[in-house]
Structure formats: C-alpha cells, structure tokens
Amino acid sequence: MTAWTATRGQEPASRAPVTTRFAPSPTGRLHLGHAFSALLAHDFARAAGGRFLLRIEDIDGTRSRPEHIDGIVEDLAWLGLRWDESVLRQTERLAAYAEALGRLRAAGLVYPCFCTRSDIAAAASAPHGPAGALYPGTCRALAPDARAARLGEPHAWRLDIAAARAAAPARLFFDDGRLGRIEARPERQGDIVLARKDAPSSYHLAATLDDAWTGVTDVVRGEDLVEATHVHRLLQALLGLPTPRYHHHRLLAGADGRRLAKRDGAPSLAGMRAAGADPAALVAELRARAISLASDGEGPTLRQ
Ligand code: GLU
C-alpha cells in the first residue's frame, strides 16, 4: 500500500490535490455522452495539476460484464485519456460497503426489506397509496419479531429516511460549480435501497464511500445524477465522510435534441472507431461542445 493509499479520503479538503473520477458501470459500451463526461472530469483535474481516477461500478452482478470493463479501458485509451492510480473495481470493495451498512444498522437507520418489485408496484398503485414511485414503507412497519423471523429470506436493506434525517444535522448543503449551493432534500427519494437482494451494495452507498476513500475532491458527472447527490450528502453526514465539490454538467444531446442514451441507440465509441473516426478530432469536438453548452446562459460548466 502506498503512503497515498493509506491516507485516502482522510486529508482535509483544502490541502488535498484536486482529484476527479470517471465511474462508468460496465453494462454496455461507452457512447459519446460517457466520453463527454469522462473528458470533462479529466480536463478539470489536469487543469488543476490534479489526479483523474477511473472507477468501475461493477457491483450489479446481473448486468455487469467483464468484456465491457475491457471495452471501457480500450475506449478511453483510444480517446487518449490517461488516468492515475490503478483502476478501482467496486467488487474489490464489498467488505467496506458491508462495514458501513453494519454501522448504519447498529445505529438503527436501516431495515431489511422483503418486498418484491410487484409488491411495491401493487402498494404504490393502490387508490390511497403514496404518490410516485417512492417505496411505500411496508417493511419499515414490520414488528421486530416478524422481521427477525424473516431474516433468512432474501432481503434488501433500506435507509429509514425519517430516522436518518433525525440522526443528521437538520440542514445539509452541497456546493455545485454550476448550480450553486443546494440544500439536500434526500427525503424526496424515500427509503432508498442501500444493499440489494442480488447485490451487496447499491450505487448510492458504494459511490459515496468510494469517492471519500479515494480522496475525490470534485465529482464531475451529468446533471441526471443531481437527485442522487442529495442522498449522497446525507450518507456523508451519517458516515462521517467529507463532502466533495460537485459539478453536474449538462448532458450532451444528439442531433434530435434528446439526451444521448444507450437505450435510444446512441452511437458507441467502439462503433465510431470501427467506422474510422479520428479520436483527436472527436475530443476537440467534445471540448467545443463543452464550451458552447457553458456559454448557453447558465454560467461556466466547470469552474475551478
Ligand atoms: N456508474 C454511474 C453511471 O454509469 C455513474 C456514477 C457517478 O458518476 O456517480 O451512470
């Protein structure tokens, strides 16, 4: 373990070198939207003489594929992006996620949830059920005996959001380089899942712990993840972790004006490479898009 690894996440933010990361899930090939996000995070770190890390979010065993991890590394290298340190795979960190979940459990802030997707959908669509897709709290209401008797069944762990809010400072904030200071409203997400039936951690818990552990000072990611940040801010308060600065960038839109997404058939970098695209030209084009999005009325996209 290097000296730096030993102090990961423990340096005061003011003295820590700027550190950003790109954290894709290996559930498919990267497309232009990913390249845009990776490039913004990379450039932000490099402009500050800081570090750029690559983290593979592979805890979802049902959707992650090893060949996609190789594909991500290959695509980023093709773009000419270099990262510091070795690539971190979240499947190497399961013990840390379990330890943090254990602390929340000991504090009485999480509960086991035995509901299936269809139980949740049925409760949510009942005439007087809760609005939207929020978890209706069925398992929060289980009596301790009933809960203990069922622990042998497959279960997820959910954060009891009311208890968690009561255990943290009443008002929590995070700073975003583009959107300003934002008050965290994690309760909008209800009792979120922190460990799944089929995965020992959820995105929220793993990403929050890893950002702290690897000393990330600046989280650069798409604005589709702003709501997640509200939850991450609460987890930071509960687990005693530092709060990085955030830079939620605008999403790159395709020619039809809609955001690029895998499910809508956004062209993959691998496909573009196979078609003979020039990576240097592509990177220049993405940097130009970043500048034009930034001058589009909302102030700079990424302010150091
Ligand atoms: N793994 C997430 C994704 O691919 C990104 C998470 C993050 O940047 O915090 O959407």
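Residues numbered from 1 in each chain as written. Predicted model: local features only at pLDDT ≥ 70, side-chain atom pairs only at ≥ 80, totals over all residues. Heavy atoms only, no water.

- The name an unreviewed UniProt entry assigns to the protein is tRNA glutamyl-Q(34) synthetase GluQRS, from the organism Sphingomonas quercus.
- One UniProt comment on the protein, placed under Sequence similarities (unreviewed entry), says "Belongs to the class-I aminoacyl-tRNA synthetase family." (UniProt positions renumbered as here; feature names shortened; annotations may be inferred.)

1. Topic: the sheet that holds strand β3 (residues 88–89)
- Read from one edge of the open sheet, three strands run β1-β2-β3, paired in parallel fashion. Only two strands of the sheet have a single neighbouring strand rather than two, namely β1 (19–22) and β3.
- Where β1 meets strand β2 (residues 51–56), four bridges bridge the pair, whose relative direction is parallel. Paired with T20 across the bridge in β2 is F52. (Pairing = 2+ DSSP bridges. Helix = DSSP H or I, 4+ residues; strand = E, 2+ residues; numbered from the N terminus.)

2. Notes on the environment of L225
- Following the sequence through the fold, L225 ends up in the loop between β9 (218–222) and α9 (226–239).
- On a C-alpha basis, the gap between L225 and H249 in space is 9.6 Å, while along the polypeptide they are 24 residues apart.
- Not counting residues within four places of it along the chain, the set of residues in contact with L225 comprises Y203 and H248. (Contact = heavy atoms within 4.5 Å.)

3. Observations regarding the site of the ligand
- For the ligand, the full set of nearby residues is R21, A23, P24, S25, E57, Y203, R221 and L225.
- One of the backbone nitrogen or oxygen atoms of A23 is found 2.7 Å away from a nitrogen atom of the ligand.
- Considered class by class, the residues forming the shell around the ligand number four nonpolar, one polar and three charged. (Near = heavy atom within 4 Å. Polar contact = N/O pair within 3.5 Å; in protein donor to acceptor, adjacent residues only side chain to side chain. Nonpolar A, V, L, I, M, F, W, Y, C, P; charged D, E, K, R; others polar.)

4. Considerations on the packing of helix α8 (residues 203–213) against α9
- Between α8 and α9, the least distance of the axes is 9 Å, while the angle of their chain directions is 60°. Classified by the angle between their axes, α8 and α9 sit oblique to one another. Where α8 crosses over α9, the two elements pack in a sense that is right-handed. Across the interface between the two elements, Y203, H204, L205, A207, T208 and L209 from α8 touch A228, V231, H232, L235, Q236 and L239 from α9. (Axes fitted to C-alpha atoms, helices over the stretch in contact; angles between N-to-C directions. Parallel < 35°, antiparallel > 145°, perpendicular 65-115°, else oblique. Left-handed = near helix turned anticlockwise from the far one by under 90°.)

5. Concerning the packing of aromatic side chains
- Summed over the entire model, instances satisfying the criterion amount to one aromatic pair.
- Ring centres of F174 and Y246 lie 5.7 Å apart, and the angle between their planes is 70°; on these two criteria the pair is classed as edge-to-face. In this pair, F174 sits in strand β6 (residues 173–176) while Y246 sits in strand β10 (residues 245–249), placing the two residues 72 residues apart along the sequence.
- Taking the relative accessible area as the measure of exposure, Y246 reaches 1% and is therefore buried. (Phe/Tyr/Trp six-rings, centres within 6.5 Å; stacked < 30°, edge-to-face > 60°. Buried < 20%, exposed > 50% of the residue type's maximum accessible area, 1.4 Å probe, protein only.)

6. Examining the pattern of salt bridges
- Taken as a whole and judged by the stated rule, the model has 26 salt bridges.
- Of the charged contacts, one joins R178 and E223 as a salt bridge, the two residues approaching to 2.4 Å between their closest N and O atoms. Of this pair, R178 sits in the loop between β6 and β7 (180–183) while E223 sits in the loop between β9 and α9, and the two are 45 residues apart along the sequence.
- Judged by relative accessible area, which is 33%, E223 ranks as partly exposed.
- Its salt-bridge partner being R185, residue E183 comes within 3.6 Å of it at the nearest N-O pair.
- Exposure remark for E183: the relative accessible area of 17% places this residue in the buried category.
- R185 sits in the partly exposed class, given a relative accessible area of 37%.
- When salt bridges with common partners are traced through the structure, they connect R21, R55, E57 and D211 into a single cluster. (Salt bridge = Lys/Arg side-chain N within 4 Å of Asp/Glu carboxyl O.)

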